[in-house]
Amino acid sequence: MATQTENWIERGSKVIAKNYGRYPLVPKYGNGCWITDVDGKQYLDFVAGIAVNNLGHCHPAVMVAIKEQVGDLIHCSNLYHIPQQIELAELLCANSFADRAFFCNSGAEANEAAIKLARKYSYDTYGEGRSHIITTHSSFHGRTLATITATGQEKMQKGFAPLIPGFSYATYGDVDALRAAIADQTCAIMLEPIQGEGGVNLPPAGYFKAVRELCDEKNLLLILDEVQTGMGRTGKLFAHQHEGIEPDIMTLAKALAGGPPIGAMVFREKFVDSFGPGTHGSTFGGNPLMAAAGVATVKTLLKPEVLSNCVKMGDYLVQKLEALKSKYSFIVEVRGRGLMVAMELSVEGGELVKQAQEKGLLLNCTAGKTLRFVPPIIVKAEEIDKMIEILDSLLAEIKI
């Protein structure tokens, strides 16, 4: 007799688009760092919805906020003033460089908004012809036409030509390359504080300070894509805070509401007039339900013990992965910040992910040979130990 998992996969194969390479797992319940599938099997989750469930699955504060809000009002419209949205904007602005917030539904939409704001402000300030944006190779900014163009990876762009004009790419971590890419048409530089989909690539020391100075020198806007790195993932609320700099525009999504879909672009007051009525919008962006979840999430993340656990457990995870590196010659490097950690291999990592799932561990492989570890930032040492135990048993089977 077929399992419930097999039945759901069979049903989905007949009606769902095939744009995802899905693993044979049908989740039903989530709690903290654990997922239970429809057949009752438990999995230790070190993917966290791809860095979305930073507070773990079904965090009590987020669930209470959602349940209470559902009973009052789920959606109205941005034609009206939404208290939950205002409170979320106040929290984000009070705890960042920003003065204003725009809400949408995803990271790609937040980046679209940032691209539009940068171009519109440049148009308002300098006139036509100054709309060029520099991003970097191996970056990832989303899947819309504008954001795949901003993404410096050809594999993401193949088959979707013509792409949106006005983007060019420089080497990540190389300030001289950015400077060389600047032209009279350039209005902004758009970067991830740590490249996520590109393989958890960290910048060299001093890079972002130099980029900030370059933007100030050339009157360019600095846009930071914190869709994956923000909301406590690296041990600070926002990853750029490690660098001692501030952007002009920042984008957020993923973990902003603890699971429900929401995106945000936050920015300085000086740009507010360039986003007047009719310039941009989102039907669902920042609606009462999503914003209420966001308020609960941010308030929880602001508790000191949450971010301190991320730092402590991040150090512990790196220590344990470094021990594996000393044991296996095909582990090239361990790198990361907080609980955004990678283990680069000299062998393909995709099969390891499949084998780990069979043993009850959910992992992610990006850039072909890089295992990415982004567990909930509430993870405990014993859960890291369990992950390492399973991973070690799989690595021991690799023959090179």
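It should be noted that the structure appears before, not after, this text.
All values reported here derive from a predicted model rather than from experimental measurement. (Residues numbered from 1 in each chain as written. Predicted model: local features only at pLDDT ≥ 70, side-chain atom pairs only at ≥ 80, totals over all residues. Heavy atoms only, no water.)

So what exactly am I meant to see when it comes to the overall build of the protein here?
Helix and strand counts for the protein come out as 13 helices and 15 strands. On the principal axes, the C-alpha backbone points of the protein span a range of 65 × 55 × 45 Å. Expressed as a percentage of the 400 residues in the protein, the buried residues total 53%. Taking the intrachain contacts of the protein between residues at least 6 apart in sequence as the baseline, contacts between residues at least 24 apart amount to 72%. As presented, the protein carries roughly 18,100 Å² of accessible surface, and 53% of it is formed by carbon and sulfur atoms. Across the protein, the centroid of the 39 positively charged side chains sits 3 Å from that of the 44 negatively charged ones. (Helix = DSSP H or I, 4+ residues; strand = E, 2+ residues; numbered from the N terminus. Buried < 20%, exposed > 50% of the residue type's maximum accessible area, 1.4 Å probe, protein only. Contact = heavy atoms within 4.5 Å. Areas by Shrake-Rupley, 256 points an atom, 1.4 Å probe, with all protein chains shown as cover. Lys, Arg positive; Asp, Glu negative; His and termini not counted. Charge placed at Lys NZ, Arg CZ, Asp CG, Glu CD.)

I would appreciate a short explanation of the sheet that holds strand 1 (residues 27-31) in the present structure.
Within a sheet, each strand pairs with its neighbour through backbone hydrogen bonds, oriented either parallel or antiparallel. Across the sheet, which stays open at both edges, the 4 strands sit in the order 1-2-3-13 with mixed pairing between neighbours. Of all the strands in the sheet, the pair left with one neighbour each is strand 1 and strand 13 (361-362). In the sheet, strand 1 pairs with strand 2 (residues 34-37) via 4 bridges, with the strands oriented antiparallel. Residue pairing in the sheet places Gly 30 in a bridge with Ile 35 of strand 2. (Pairing = 2+ DSSP bridges.)

How should the layout of surface pockets be read in this particular structure?
Summary: where empty space remains is shown by rolling a probe the size of a single water molecule over the atoms. Volume-wise, the second largest pocket comes out at about 810 Å³. Along the walls of the second largest pocket sit 27 residues, with Asn 78, Gln 85, Ala 101, Phe 102 and Phe 103 positioned nearest its centre. Listing elements by their share of the lining of the second largest pocket, those giving two or more residues are helix 4 (83-94) and strand 4 (100-104). Considering only residue class, the lining of the second largest pocket consists of 13 nonpolar, 12 polar and 2 charged. (1 Å grid on protein atoms, 1.4 Å probe; cavity = no way out; pocket = protein on both sides within 12 Å on 5 of 7 lines; lining within 4 Å. Points joined across faces, edges and corners; volume = space filled by probe spheres on them. Nonpolar A, V, L, I, M, F, W, Y, C, P; charged D, E, K, R; others polar.)

Please clarify how the pattern of salt bridges should be interpreted in this entry.
Where charged atoms from two side chains of opposite charge approach closely, those side chains can pair. Counting across every chain of the model gives 16 salt bridges. Among the ionic pairs, Arg 268 bridges to Asp 248, the shortest N-O distance being 3.3 Å. Here the residue Arg 268 occupies a position in the loop between strand 10 (263-267) and helix 10 (288-301), and Asp 248 occupies one in the loop between strand 8 (221-225) and strand 9 (249-252), the gap between them amounting to 20 residues. Judged by relative accessible area, which is 7%, Asp 248 ranks as buried. In this structure, Asp 385 engages Lys 320 in a salt bridge whose closest nitrogen and oxygen atoms are separated by 4.0 Å. Pair noted here: Asp 385 is in helix 13 (residues 381-395) and Lys 320 is in helix 11 (residues 304-327), with a separation of 65 residues, a long-range link. Using a relative accessible area of 31% as the deciding quantity, one classes Asp 385 as partly exposed. Because the salt bridges share partners, they merge into one network encompassing Arg 212, Asp 216, Glu 246, Asp 248 and Arg 268. (Salt bridge = Lys/Arg side-chain N within 4 Å of Asp/Glu carboxyl O.)

How should the sheet that holds strand 14 (residues 364-366) be read in this particular structure?
Pairing in this open sheet of 4 strands is antiparallel, and the strands run 11-12-15-14 from one edge to the other. Two strands lie at the open edges of the sheet, namely strand 11 (331-337) and strand 14, each paired on one side alone. Each adjacent strand pair in this sheet contributes to an overall mean axis angle of 25°, direction not counted. With 4 bridges joining them, strand 12 (residues 340-345) and strand 15 (residues 370-373) adopt antiparallel strand pairing. Counterpart to Glu 344 in the pairing with strand 15 is Thr 370. Where helix 13 meets the sheet, its contacts fall on strand 11, strand 12 and strand 15, and the angle it forms with strand 15 comes to roughly 170°. (Axes fitted to C-alpha atoms, helices over the stretch in contact; angles between N-to-C directions.)

How should the nonpolar core be read in this particular structure?
Within soluble globular proteins, side chains that are nonpolar tend to cluster in buried spots. Judged by nonpolar contacts, the single largest core of 65 residues is most densely connected at Leu 92, Met 231, Leu 321, Met 343, Phe 373, Met 387 and Leu 391. The greatest single-element share of this core, amounting to 8 residues, is contributed by helix 11. Residues within four places of Met 231 in sequence aside, it is in contact with Asn 54, Leu 92, Leu 237, Phe 238, Leu 252, Ala 255, Leu 256, Val 298, Leu 301 and Ile 377. The next biggest cluster of nonpolar side chains, apart from the first, holds 23 residues, and it includes Tyr 121, Cys 187, Phe 267 and Phe 275. (Core = buried A, V, L, I, M, F, W, Y, C linked by side-chain atoms within 4.5 Å.)

Is there a simple way to explain helix 12 (residues 350-358) in this structure?
Every α-helix winds through 3.6 residues per turn, so residues three or four apart in the chain are directed the same way. Inspection of helix 12 places Leu 352, Val 353, Ala 356 and Gln 357 among the buried residues, and these make up the whole buried set. In a view along the axis of helix 12, the buried residues occupy a sector of 135°, so they form one face of it. Positive backbone phi, approximately 85°, marks Gly 360, located one or two places after helix 12. (Arc of directions from axis to C-beta.)

Can you walk me through the environment of Ala 253 in this structure?
Among the secondary structure elements, Ala 253 is positioned in the loop between strand 9 and strand 10. Since its relative accessible area comes to 2%, Ala 253 is described here as buried. The spatial distance from the C-alpha of Ala 253 to the C-alpha of Met 265 is 8.8 Å, given a sequence separation of 12 residues. Each residue touching Ala 253, except ones within four places of it in the same chain, is listed here: Ser 106, Gly 107, Val 227, Ile 262 and Gly 263.

The values are spatial; any link to function lies outside them.
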